[in-house]
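Chain and residue survey
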Amino acid sequence: GAGDRQPPKDKWSNFDPTGLERAAKAARELDASRHAKDALSLAQMQEQTLQLEQQTKLKEYEAAIEQLKNEQIRVQAEERRKTLSEETKQHQARAQYQDKLARQRYDEQMRQQQLTNEENLRKQEESVQKQEAMRRATIEREMELRHKNEMLRVEAEARARAKAERENADIIREQIRLKAAEHRQTVLESLKTAGMIFGEGFRAFVTDWDKVTATVAGLTLLAVGVYSAKNATAVAGRYIEARLGKPSLVRETSRITVLEALKHPIKVGKRLTSKAQDALEGVVLSPQLEARVRDIAIATRNTKKNKSLYRNILMYGPPGTGKTLFAKKLAVHSGMDYAIMTGGDVAPMGREGVTAMHKLFDWANTSRRG
């Protein structure tokens, strides 16, 4: 039957007043009750409690809203920071790209400038070569013209000289004939005079035996004197060379000569006042070889002190290993002189090499220090 009901005409058609009636009845009962005031106070307290709860919720809502606002502000700040960082990256990338483009443009400009400079330099070189070729051609042309003019002048002078000689040939021949006759007459007269003088002198010399004897004796004494002086000079020269000089084969020596003392007095004085050095000072060797070489240096020094017989030493090895340096140090350490020579200087002398070697050993034997 509900489906047969008509719909209400207004909103109050279905209102049920029983609820209001119950409420009014409860209110009258409450007013008549002796706990009305307590109920009212309780209702007020409940209302206040509700209000406080509402205020608390409102404050919580406001705090939540404030927190949301702060979170929104933080998010916005983070977004802004990210945006600024992204913009900064974009600016940096743009600046790097612009810098790259600028460098590329600069490199291109420099390359173009270099190409331009090379082209200008090539053009200048071509221009200089052309000018040099023109100058060379001009000089060659001038030299050719000068040579032609010189040849023409020489030819003209030769023709003129030949013409003059042909015209003056008779006069020249007569002059030559007269000069030749005069010269022949002078030579004949000189020969006659010299023959007469020489013949008379030779005749007078031959007839006087005292003059002949004195002349022969004088010539003999003269020959003996010349031969003796030559040999004496050679002996004295060798003696002086052996004592004072230095043989040509000696390249370097510690022996002090008179000429060296006169040329370098300060250097010679320092060498004379210097103390004996260690034989291995400045020489770098392996420990085993160093010990062996040091024994040789000590033995040589003791041999020098005791005036005994020396041992012979043969040092071998590639260049630059310290052979000559140790030999010098050994001589200085032992108080002896040293002299350096090489066989390459003896070979080109040929037969004179033997004489040079004898001079070298004679010079070495004159050393007071050994």
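Residues numbered from 1 in each chain as written. Predicted model: local features only at pLDDT ≥ 70, side-chain atom pairs only at ≥ 80, totals over all residues. Heavy atoms only, no water.

**Focus on the overall build of the protein chain**
The helix and strand tally for the protein chain stands at 9 helices and 2 strands. When the helices and strands of the protein chain are listed from N to C terminus, the series reads α-α-α-α-β-α-α-α-α-β-α. Taken over 370 residues, the protein chain has a buried fraction of 10%. Residue pairs in contact within the protein chain that sit at least 24 positions apart in sequence constitute 60% of those at least 6 positions apart. On the protein chain, roughly 31,700 Å² of surface is accessible, and the fraction owed to carbon and sulfur atoms is 58%. (Helix = DSSP H or I, 4+ residues; strand = E, 2+ residues; numbered from the N terminus. Buried < 20%, exposed > 50% of the residue type's maximum accessible area, 1.4 Å probe, protein only. Contact = heavy atoms within 4.5 Å. Areas by Shrake-Rupley, 256 points an atom, 1.4 Å probe, with all protein chains shown as cover.)

**Describing the UniProt feature "coiled-coil region" (unreviewed entry) in the protein chain**
Here the UniProt-annotated "coiled-coil region" (unreviewed entry) positions come out as residues 51–94 and 154–184. End C-alpha atoms of residues 154–184 are separated by 37 Å, and the span's content is 97% helix alongside 0% strand. (UniProt positions renumbered as here; feature names shortened; annotations may be inferred.)

**Observations regarding the packing of helix α7 (residues 287–306) against helix α8 (residues 323–334)**
Where α7 contacts α8, the axes come no closer than 9 Å and their chain directions differ by 35 degrees. In this structure, α7 meets α8 at a crossing whose hand is right-handed. The residues of α8 that touch α7, namely those facing V293, I296, A297, T300, R301 and K304, are F326, L330, H333 and S334. (Axes fitted to C-alpha atoms, helices over the stretch in contact; angles between N-to-C directions. Left-handed = near helix turned anticlockwise from the far one by under 90°.)

**Here we look at the pattern of salt bridges**
One pass over the full model with this rule turns up 18 salt bridges. A salt bridge links K148 to E144; the shortest N-O distance between them is 3.6 Å. Of this pair, K148 and E144 both sit in helix α2 (residues 36–167), separated by 4 residues, roughly a single helical turn. Across the pair E290 and R294 runs a salt bridge, and its minimum N-O distance is 3.6 Å. Taken together, the residues span about one helical turn, with E290 and R294 both in helix α7 at a distance of 4 residues. By relative accessible area, which is 29% here, E290 ends up partly exposed. Three or more residues are tied together by salt bridges with common partners; here these are E119, R122 and E126. (Salt bridge = Lys/Arg side-chain N within 4 Å of Asp/Glu carboxyl O.)

**Quick word on the side chain of T303**
Assignment of secondary structure puts T303 in helix α7. If we ignore the near neighbours within four places in the chain, the residues touching T303 are S308, L309 and Y310.

**Details of the nonpolar core**
Membership of the largest hydrophobic core is limited to 5 residues, which are L280, V293, A297, F326 and L330. Where this core is concerned, the elements lending two or more residues are α7 and α8. Setting aside residues up to four positions removed in sequence, V293 forms contacts with L280, L285 and F326. (Core = buried A, V, L, I, M, F, W, Y, C linked by side-chain atoms within 4.5 Å.)

**Points about a nonpolar patch on the surface**
A cluster of nonpolar residues, L58, Y61 and I65, forms a patch on the protein surface that exposes about 310 Å² of accessible area. The topology assignment puts I65 in helix α2. (Patch = residues over 30% accessible without salt bridge, like charges linked within 9 Å, V, L, I, M, F, W, Y side chains within 5 Å.)

**Points about helix α9 (residues 352–365)**
Taking 1.5 Å of rise per residue, the 14 residues of α9 would be expected to cover 20 Å, and the 20 Å separating its terminal C-alpha atoms lies within 8% of that figure. Among all positions in α9, only G353, A356, L360 and W363 are buried. Down the axis of α9, the smallest arc covering the buried residues is 85 degrees, so these residues share one side. Facing away from the buried side of α9 by more than 90 degrees, the exposed set consists of V354 and N365. (Expected span 1.5 Å × (residues − 1). Arc of directions from axis to C-beta.)

**Looking at unusual backbone geometry**
Excluding glycine, most residues fall at negative phi; most peptide bonds, likewise, are trans. Phi at K307 takes a positive value of approximately 55 degrees, unusual for a residue other than glycine. Within the element layout of this structure, K307 appears in the loop between α7 and α8.

**Some remarks on the confidence of the model for the protein chain**
The predicted model of the protein chain averages 82 in pLDDT, with 87% of residues at 70 or higher. Within the protein chain, helix α5 (residues 258–263) has the poorest average pLDDT of any element, 67, and strand β2 (residues 339–340) the best, 91. (pLDDT = per-residue confidence, 0-100.)

**Some thoughts on the side chain of D337**
Positionally, D337 belongs in the loop between α8 and β2. A polar atom in the side chain of D337 sits 3.4 Å from the side chain of R369. Sequence-distant contacts of D337, that is, excluding residues within four places in its chain, are made with S254, R255, A331, S367, R369 and G370. (Polar contact = N/O pair within 3.5 Å; in protein donor to acceptor, adjacent residues only side chain to side chain.)

**Here's the deal with α7**
If you check α7, its first and last C-alpha atoms are 28 Å apart, about what 20 residues at 1.5 Å a residue would give, namely 28 Å. Those residues of α7 that are buried are in contact with α8.

**So, the environment of E290**
Spatially, the C-alpha atoms of E290 and L280 are 8.0 Å apart, while their sequence positions differ by 10 residues. Aside from chain neighbours lying at most four places away, what touches E290 is L280 and L285.

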